[in-house]
Amino acid sequence: MTVEIWPVTESFAAEVGDADLSTPLSAEDWQTVENAFHEFAVLIFPGQTLTQQQHVDFTKRFGPIDPSMITDLDGVKPRVLTYIADVSNLLPDGSLWSEDSRLRGFQMGNQLWHTDSSFKEVPAKASLLYMQSIPPVGGQTEFADMRAAWDALPDDLKVQAEGRIARHAIAYSRARQGFEMSETENTSMPAVPQAMVRHHGYSGRTGLYLASHAGRIDGVADDEAAALLQQLMDHATQRQFVYAHRWRADDLVMWDNRCTMHRGLAYDDLRWPRDAQRATVLDVAPTCEQEGLTPDAMAVAAE
Ligand code: OGA
Ligand code: MN
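Residues numbered from 1 in each chain as written. Chains lettered and ligands numbered in written order. Predicted model: local features only at pLDDT ≥ 70, side-chain atom pairs only at ≥ 80, totals over all residues. Heavy atoms only, no water.

Thoughts on the pairing of strand β6 (residues 141-145)
Stage number 1. In terms of burial, β6 is a largely internal element, five of the five residues being buried.
Stage number 2. On β6, burial covers both faces: T141, F143 and D145 on one face and E142 and A144 on the other are all buried.
Stage number 3. Judged from the five bridges that link them, β6 and strand β14 (residues 260-264) form a sheet pairing that is antiparallel. Each bridged residue has a counterpart across the sheet, and for A144 the counterpart in β14 is M261. (Buried < 20%, exposed > 50% of the residue type's maximum accessible area, 1.4 Å probe, protein only. Helix = DSSP H or I, 4+ residues; strand = E, 2+ residues; numbered from the N terminus. Pairing = 2+ DSSP bridges.)

This is the structure in C-alpha cells:
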C-alpha cells in the first residue's frame, strides 16, 4: 500500500488516502505521513476503525503520550483509557451529560481557540482526534495556521511578540466562560511560561504560539498584555488562516499543536452524541527552552 496526500489548501491541511492506522505503516508510508504532517500541520485520515489501544499505538509513533488531565478534575470518572482524553459529551454508561454537569462546563472551554496542553510546562506536540459518532449538524472543528498568521502579521506586532514569554493557565481560559476551577485544581495546575513565537526547525517557518489559556505576558502590564493577546488572537483567526473540518464518522484528524490553534464549534450536545476521543503526543521540552528564553522566576512569584 502507498498512501496518498491530497492537500486541502496549498500549505495547510491535507487528506491522507488509503492509510489503515490499525496496523503499523510501512517505513515508506510512515515517512510520507510524517513529511506531510510537518508540511500541512493538519492531516485527515478518513474511514478508520480503531480500538483505543490501536489509536494510542499509532499516536506513540510520534513520541511519548501526554496523558489526559480530565481525570484530574474533581469527581470525573473516565470512560476511556487514561491515555486518551475523552472530549465527547458522553458519560461512562454511554448516556449524554446533563445540562448542569461540571464536565460539560469544563469542556465548553474547547470552543475557545487554543492549542492543546499549553497550560502545562511541556505542552502537546500533536493531537490525534478520533470521531466515532457525529451530530448531524454543528460540531465542526476549526484550525488556524499560526505560520501563515505570522507571515502576514504587521511588523510592529512581530516586534512586540518576538522573544516574549506569556503565562498560560487552564484557569485563565475557563474564567473567560465563567467556569470556576476548585482550589485544589488551581494549585495542581498553576500558570506556566510559554514562548509567544516559535521557530520550527523542520520547516524553517516561524509561528505565533497563542491560546485562550494565555492570560499574562512577562514584563507587560496586565491590561496591555490582555489587549495585545486579543489583537494577536483576532489577527491569527481571520478566515484566510482557518480550515473548518466537517467531520464524518470514523475520521481521525491529527494536528500539530506547535503551529496551529483549534476550536470545536457548538452543536446540540444535549440531544446528539458526539464521541470524540483524543490521544496526545508530548512536546520534547518546554517552549522557552526550545526558543532559548529564560523565564524570570520573579514573574511567577509576583502572581
Ligand atoms: C481537542 C479539542 C475540539 C472538538 O480534542 O483538543 O479541542 O471539536 N476538540 O472536539
Ligand atoms: Mn483541544
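Considering the pairing of strand β1 (residues 4-7)
Stage number 1. Note: β1 against strand β2 (residues 14-17), four bridges, orientation antiparallel. Along β2, the bridge assignment pairs I5 with V16.

What to know about the nonpolar core
It is characteristic of soluble globular proteins that their nonpolar side chains tend to be buried jointly.
Stage number 1. Within the largest apolar cluster, 25 residues are counted, with the highest numbers of intra-cluster contacts made by M196, L208, L210, I217, L232 and M261.
Stage number 2. Within the residue set of this core, elements represented by two or more residues are α4 (146-151), α5 (155-161), β11 (214-217) and α8 (222-236).
Stage number 3. Core analysis: the next-biggest nonpolar cluster, separate from the first, contains 22 residues, A19, L21, L25 and F62 among them. (Core = buried A, V, L, I, M, F, W, Y, C linked by side-chain atoms within 4.5 Å.)

Some remarks on the site of ligand 1
Stage number 1. Ligand 1 sits among V87, N110, H114, D116, L129, T141, W255, H262, G264, R274 and R278.
Stage number 2. H262 has a polar side-chain atom sitting 3.1 Å from an oxygen atom of ligand 1.
Stage number 3. At a separation of 2.8 Å, an oxygen atom of ligand 1 approaches a polar side-chain atom of R274.
Stage number 4. Protein chains bury 98% of the 290 Å² of accessible surface belonging to ligand 1 in isolation. (Near = heavy atom within 4 Å. Polar contact = N/O pair within 3.5 Å; in protein donor to acceptor, adjacent residues only side chain to side chain. Areas by Shrake-Rupley, 256 points an atom, 1.4 Å probe, with all protein chains shown as cover.)

Quick word on the sheet that holds β14
Think of a sheet as strands paired side by side through backbone hydrogen bonds, with each pair either parallel or antiparallel.
Stage number 1. An order of β12-β6-β14 is seen for the three strands of this open sheet, with the pairing classed as antiparallel. On the outer flanks of this sheet lie β12 (242-245) and β14, each paired with one strand and no other. Pairwise comparison of adjacent strand axes, ignoring direction, gives a mean angle of 20 degrees for this sheet.
Stage number 2. Relative to β12, β6 runs antiparallel, the two sharing four bridges. From the neighbouring strand, A144 faces β12, where its bridge partner is V242. (Axes fitted to C-alpha atoms, helices over the stretch in contact; angles between N-to-C directions.)

Brief notes about α8
Spacing of three or four residues puts side chains on the same side of an α-helix, whose turn is 3.6 residues.
Stage number 1. With 15 residues, α8 extends 21 Å between its outermost C-alpha atoms, agreeing within 8% with the 21 Å of an ideal straight helix rising 1.5 Å per residue.
Stage number 2. For α8, the set of buried residues is A225, L228, L229, L232, M233, H235 and A236. Seen along its axis, α8 keeps its buried residues to an arc of 160 degrees; they face one direction.
Stage number 3. Looking at the buried residues of α8, the elements they touch are β6, α4, α5, β10 (205-208), β11 and β14. (Expected span 1.5 Å × (residues − 1). Arc of directions from axis to C-beta. Contact = heavy atoms within 4.5 Å.)

Focus on the coordination of the manganese ion (ligand 2)
Stage number 1. Ligation of the manganese ion (ligand 2) by protein atoms is provided by H114 (NE2), D116 (OD) and H262 (NE2), these donors lying 2.1 to 2.2 Å from the ion.
Stage number 2. Every donor residue of the manganese ion (ligand 2) comes from the same chain, spaced as H-x1-D-x145-H. Assigned by exposure class, H114 and D116 land together as buried. (Donors = N, O, S within 2.8 Å, 3.2 Å for Na, K, Ca; no water.)

What to know about unusual backbone geometry
Stage number 1. Despite not being glycine, D18 shows a phi value in the positive range, around 60 degrees.
Stage number 2. Following the sequence through the fold, D18 ends up in the loop between β2 and α1 (27-40).
Stage number 3. One non-glycine residue, D250, lies in the positive phi region at around 80 degrees.
Stage number 4. Structurally, the position occupied by D250 is in the loop between β12 and β13 (252-256).

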